[in-house]
Amino acid sequence: MKKQVVVLSDIHIGDNSPTCWYQSAIHDEYLITVLDAIADNAAAVRELVLLGDVVDMWTYPFDAVPPTFAEITAKNPAIFSQKGVLARVLDALDGAVTYIPGNHDMAVTEADVASITSPGGHRLRYARQFYNPAGDSRVLMTHGHEFTLFNAPDPATMWAPLPVGHFVTRSVATYWKSHLKPGQNVSDLKDQGYPNGIDVLSIIKHALKSLDVSLSDALIDGIAGKLGISESAPIRITEHQTTTLSGVKQAYKSLFSRWITENGGGENGLLVATKAAMADYDSSFMGWFAQREAFRRNADLVVLGHTHASVSKLRTSMVNYVNTGFMCPSSADMPGRFVSYATVSLDSPPVVKNMQAVRRGGGIAVNPFEAPSASILVEPCMDFSCYVRVDNSPNTKDLWCVGTEVGHGHFVELPRCIKAGSFSTLWLQDYPNLVPPHGSDATVTYRDDGGTVATFNFDCPTGIYPNSCSGGSGFQAKAGDGPWLPPGQVPSTGHPLFVRFSVTPGSVAGTFKGACGVNSFAVSATGGLNPGENVVLNGKTDLSDCMVANDDAKVFGIRLDKTSGVYEYCLRVDAQGPKGMLSGSMYLYFTDQSGDRYLLTVFDHARKMHTLQYNSCAPAIMKIEWSNTAK
C-alpha cells in the first residue's frame, strides 16, 4: 500500500508583479522539478497536500486591487493549466491532490480549487484547516497562521476574515514598488518573505508593560514609520472598497485584548496572546501551538507551514511537529536559502523527511536534508510541565472530569471528557518567571456514567523535591528524554514529567484486595489509594465486615485527602476500637508508594473519625494492615 504523503506550502504564486515573492522566471524551474518528481514517483505517493499560501493575494501595493485566484492561475499556465505540471500530478495520483488555504490565500474558495482540472478528468480537492491526510487521524495538517496574532483569520472587522497582517504585507509591497529599480523585482533583494527589519519584539514588550496599549496600533505605527508610508494613503481592497492605515488601526485596535479574552482571560490568556505574537515575530512558540493542537485532537504528528522555516521534529515531547519551510526564496538568498518541503510516510509512527530542491550542475536536484528541531519554549527557559496521557481505550464508558485541584501551574489542556475506546492528554504547564519557581502539580478526578471514579495525581517540582505521580489502574512515567520506567516507578529527578495512566475496565479507584478477618492486610489492585479516593475492599466501600479486630473493633471506611498546612496528606478513618476497659487497641498500618509506613492506633470503642497526617513524595497508599497488636 502506498504510504507517502508529500506536503508543499508557502509557494506564494502571484501574478508576477514586481512585488510578488514568487517570480515564474526564477521559481517555476524549482517547482516544476519537485512536482515532476512526485508524478514520477506516483507508485509510492499516496497524496500531495498543498498546505496553504499556494497562491498569493497579499503581496501587492496599496494602489492595486489584489488579483483573484482565476487571474493568478491564468498568469501561470506552466503550473495550473491542463497542460501544466499540476495537471500531470493530478492524473499520476488519480486525483489525490488536496489544497488547504493559508493566510495569503484565505480568499480561495472550493469552487476556485475545483477549477483546476486535468486531462484525465480529475479536479483539485479542497479541504479546510486541520486536515488528516488519507484519513489518518494520527497526522494533522494545517497551514499554521491560525496560531499567530497578526495573521490568524479575524472575524471582527468589516474585512473579515482578513487579519491585520494583510495590511502589513501590503505596506511592505507599497514601499518596494517605489524603491525598485526599473526591471527589478523583490526576488532580486535579500530577505523577502522574512521579517522586514521591523522590531516587532520591542513592540510586544512595550505593549505587555501597559495592557491598554493596542499592539496593532503599535505595529502599524512602526511599519508606517519604518517605511515612510502615510497612514492616510488609500488602500484598495476590492474595486469598490478602500481604506487607510488609520482605518486599519481603528479596526484592529482591540486585537490583543480580544486574544487574551478568547484564551481564558487573565494571566493564562495573556500568556497565549503573547506566544501568538512571538510566533508571528520569529516563529518561536509554533512548537507550543503544534503540541497543544496535537493533544486536543489526539494526533501524533502536526505538519505546519507559514513560518518559512523548516523544522524536523519537536524536542522532548509526547508528539512530533514538522514544518515544510518555503518554496520561493529570493534569488539573492540562494543558495544559502533554498526551496524546501516535506514528506510524511504513514508508518507507525509516521516518518518525516525534510526535502530541498537545489541547483546542482546544470539542473535542479531534489534530496533530503537535516532541518533544525524545535521546542515549545524559548531558551533559556526550562519546561517543568506535567504531560499526562489517560488511556480509556479498554473501556465502554466515557470518563467525565468532575474535579481538579491545582497546586502550581495552569492547565493548557484539560479534556472535559475522555471518550470510551480512546485516550486524552492533559497538559499542566508551570508559570514562567515565578520567583521562586514552583514547577507544576495537580490532582484531577474523572468519573464514568456508572459512578466509577479515577483520580490522577502528578507533580513536577523544581529544586530538591522529587517528582511524583499516582492514580488510575496503574501508570508508567519518565522525565525529559529519559526512558519509560517500569510500571509504578517514578523518576525522582528530571523535567518535564511524562505519565501514561491506564484505566482498566471494572477497576474502581482505591480498590484493594485482601483476606477479611483479624490480623490481616490488603494491597492495592490499581494504582493505590490517591488523594480524593475512598478505599474499596473486595468490592465494598463499607469495610466493617472485613477490616476487624478483637472485641468488636472495626473500620467502616477510609479516605485520603490532600490538605494544606504542615502536613500535605490526611487519612480519614471512620472506625471504632475494641469494647471494654482491658481490650486493648486496634492497630492500622498504611504503607505508601515510597515504602514509608504510618501507624494509626484506635482505642476508643465509640465510632468516630480518626485522622492520620503525613508528608510523602509518593503519597498513594499501596498496603493496609490491621492487627490486635503493635508490630
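Residues numbered from 1 in each chain as written. Predicted model: local features only at pLDDT ≥ 70, side-chain atom pairs only at ≥ 80, totals over all residues. Heavy atoms only, no water.

**Remarks on the overall build of the chain**
Then, in step 1: If you tally the helices and strands in the chain, you get 12 helices and 32 strands.
Then, in step 2: In the chain, which comprises 631 residues, the proportion classed as buried is 56%.
Then, in step 3: Across the chain, the fraction of contacts at a sequence separation of at least 24, relative to all contacts at a separation of at least 6, is 66%.
Then, in step 4: Counting every atom, the chain has about 25600 Å² of accessible surface; 53% of that belongs to carbon and sulfur.
Then, in step 5: Positive and negative charge centroids in the chain, built from 50 and 60 side chains respectively, lie 3 Å apart. (Helix = DSSP H or I, 4+ residues; strand = E, 2+ residues; numbered from the N terminus. Buried < 20%, exposed > 50% of the residue type's maximum accessible area, 1.4 Å probe, protein only. Contact = heavy atoms within 4.5 Å. Areas by Shrake-Rupley, 256 points an atom, 1.4 Å probe, with all protein chains shown as cover. Lys, Arg positive; Asp, Glu negative; His and termini not counted. Charge placed at Lys NZ, Arg CZ, Asp CG, Glu CD.)

**Observations concerning the sheet that holds strand β13 (residues 386-391)**
Pairing between the strands of a sheet is mediated by backbone hydrogen bonds and can be parallel or antiparallel.
Then, in step 1: What the five strands build is an open sheet, ordered β15-β17-β13-β22-β21; its pairing is mixed. One side of each edge strand has no neighbouring strand; the edge strands of this open sheet are β15 (410-413) and β21 (474-479). In this sheet, neighbouring strand axes are inclined to one another by 20 degrees on average, regardless of whether the strands run parallel or antiparallel.
Then, in step 2: Two strands pair when backbone bridges link them, and β13 and strand β22 (residues 497-502) are joined in this way by six bridges, in the parallel orientation. (Pairing = 2+ DSSP bridges. Axes fitted to C-alpha atoms, helices over the stretch in contact; angles between N-to-C directions.)

**Notes on the side chain of aspartate 15**
Then, in step 1: Relative to the helices and strands, aspartate 15 is located in the loop between β1 (4-8) and α1 (24-40).
Then, in step 2: As a buried residue without a salt bridge, aspartate 15 has its nearest oppositely charged side chain in lysine 75, at a separation of 4.8 Å.
Then, in step 3: Here the side chain of aspartate 15 touches serine 17 through a polar contact of 2.6 Å, side chain to side chain.
Then, in step 4: Not counting residues within four places of it along the chain, the set of residues in contact with aspartate 15 comprises Cys20, Tyr60, Pro67, Ile72 and Lys75. (Salt bridge = Lys/Arg side-chain N within 4 Å of Asp/Glu carboxyl O. Polar contact = N/O pair within 3.5 Å; in protein donor to acceptor, adjacent residues only side chain to side chain.)

**Quick look at helix α11 (residues 266-282)**
Then, in step 1: Across its 17 residues, α11 extends 25 Å between first and last C-alpha, which sits within 8% of the 24 Å expected from 1.5 Å per residue.
Then, in step 2: Among all positions in α11, only Gly269, Leu271, Val272, Ala273, Thr274, Lys275, Ala276, Ala277, Met278, Ala279 and Asp280 are buried.
Then, in step 3: With its phi angle positive at about 70 degrees, serine 283 sits one or two positions after the end of α11. (Expected span 1.5 Å × (residues − 1).)

**A look at unusual backbone geometry**
Then, in step 1: Each neighbour pair has its own omega, and for alanine 160 with proline 161 the value is 10 degrees, a cis peptide bond.
Then, in step 2: With an omega of 0 degrees, the peptide bond between serine 348 and proline 349 qualifies as cis.
Then, in step 3: Its place among the elements puts proline 349 in the loop between β10 (339-345) and β11 (351-360).
Then, in step 4: The backbone of aspartate 94 shows a phi angle near 55 degrees, a positive value even though the residue is not glycine.
Then, in step 5: As for its position among the elements, aspartate 94 is in the loop between α4 (85-92) and β3 (97-99).
Then, in step 6: Accessibility expressed as a relative area gives 60% for aspartate 94, which makes it exposed.
Then, in step 7: Non-glycine residue threonine 316 carries a positive phi angle of around 50 degrees.

**Describing the packing of aromatic side chains**
Then, in step 1: A full pass over the atoms with the stated rule returns 20 aromatic pairs.
Then, in step 2: Ring centres of phenylalanine 338 and phenylalanine 369 lie 4.9 Å apart, and the angle between their planes is 80 degrees; this geometry places the pair in the edge-to-face category. Placement of the pair is phenylalanine 338 in the loop between β9 (320-323) and β10 and phenylalanine 369 in strand β12 (residues 363-369), with a sequence separation of 31 residues.
Then, in step 3: With a centroid separation of 5.6 Å and an interplanar angle of 40 degrees, the aromatic rings of tyrosine 387 and tryptophan 427 are classed as tilted. (Phe/Tyr/Trp six-rings, centres within 6.5 Å; stacked < 30°, edge-to-face > 60°.)

**A look at the side chain of histidine 308**
Then, in step 1: Relative to the helices and strands, histidine 308 is located in the loop between β8 (301-304) and β9.
Then, in step 2: On the basis of relative accessibility, which here comes to 8%, the residue histidine 308 falls in the buried class.
Then, in step 3: A polar contact of 3.1 Å, which involves the side chain of histidine 308, links it to the side chain of aspartate 10.

**Remarks on the state of the cysteines**
Then, in step 1: Applying the stated criterion to the full structure yields one disulfide.
Then, in step 2: Here cysteine 516 is linked by a disulfide to cysteine 546, with a sulfur-sulfur distance of 1.9 Å. Across the S-S bond of cysteine 516 and cysteine 546 the torsion is about -95 degrees, and the bridge reads as left-handed. Residue cysteine 516 is found in the loop between β23 (511-514) and β24 (520-524), and its partner cysteine 546 is found in the loop between β26 (536-537) and β27 (554-562); the two are separated by 30 residues along the sequence.
Then, in step 3: Under the relative-accessibility criterion, cysteine 546 is labelled buried at 7%.
Then, in step 4: Of the cysteine sulfurs around cysteine 328, a residue in no disulfide, the closest is that of cysteine 20, at 9.6 Å.
Then, in step 5: Considering cysteine sulfurs only, cysteine 386 is the nearest to cysteine 460, which forms no disulfide, with 5.2 Å between them.
Then, in step 6: With a relative accessible area of 0%, cysteine 460 lands in the buried category. (Disulfide = S-S within 2.5 Å.)

**With respect to the pattern of salt bridges**
Opposite charge on two side chains permits them to pair, given that their charged atoms come into close proximity.
Then, in step 1: Tallying each qualifying case throughout the model produces 26 salt bridges.
Then, in step 2: Close ionic contact of arginine 337 with aspartate 191 constitutes a salt bridge, the shortest N to O distance being 2.7 Å. Of this pair, arginine 337 sits in the loop between β9 and β10 while aspartate 191 sits in the loop between α6 (164-179) and α7 (200-209), placing them 146 residues apart in sequence.
Then, in step 3: Measuring nitrogen to oxygen at the nearest pair gives 2.7 Å for the salt bridge that ties aspartate 574 to arginine 607. You can see aspartate 574 sitting in strand β28 (residues 569-576) and its partner arginine 607 sitting in the loop between β30 (597-602) and β31 (608-614), a full 33 residues away along the chain.

**Observations concerning the environment of alanine 365**
Then, in step 1: Tracing the sequence through the fold places alanine 365 in strand β12.
Then, in step 2: The spatial distance from the C-alpha of alanine 365 to the C-alpha of tyrosine 30 is 8.9 Å, given a sequence separation of 335 residues.
Then, in step 3: Every residue in contact with alanine 365, bar those within four places of it in the chain, is listed here: Gln356, Ala357, Val358 and Arg360.

**Things to note about the pairing of strand β14 (residues 399-408)**
Regular strands have side chains that alternate between both faces of the sheet.
Then, in step 1: Note: β14 against strand β16 (residues 417-418), two bridges, orientation antiparallel. What sits directly across from tryptophan 400, in β16, is cysteine 417.
Then, in step 2: In this structure, β14 lies alongside strand β18 (residues 439-448), joined through eight bridges in antiparallel fashion. Across the sheet, tryptophan 400 pairs through a bridge with arginine 447, a residue of β18.

That is the geometry; function is a separate question.
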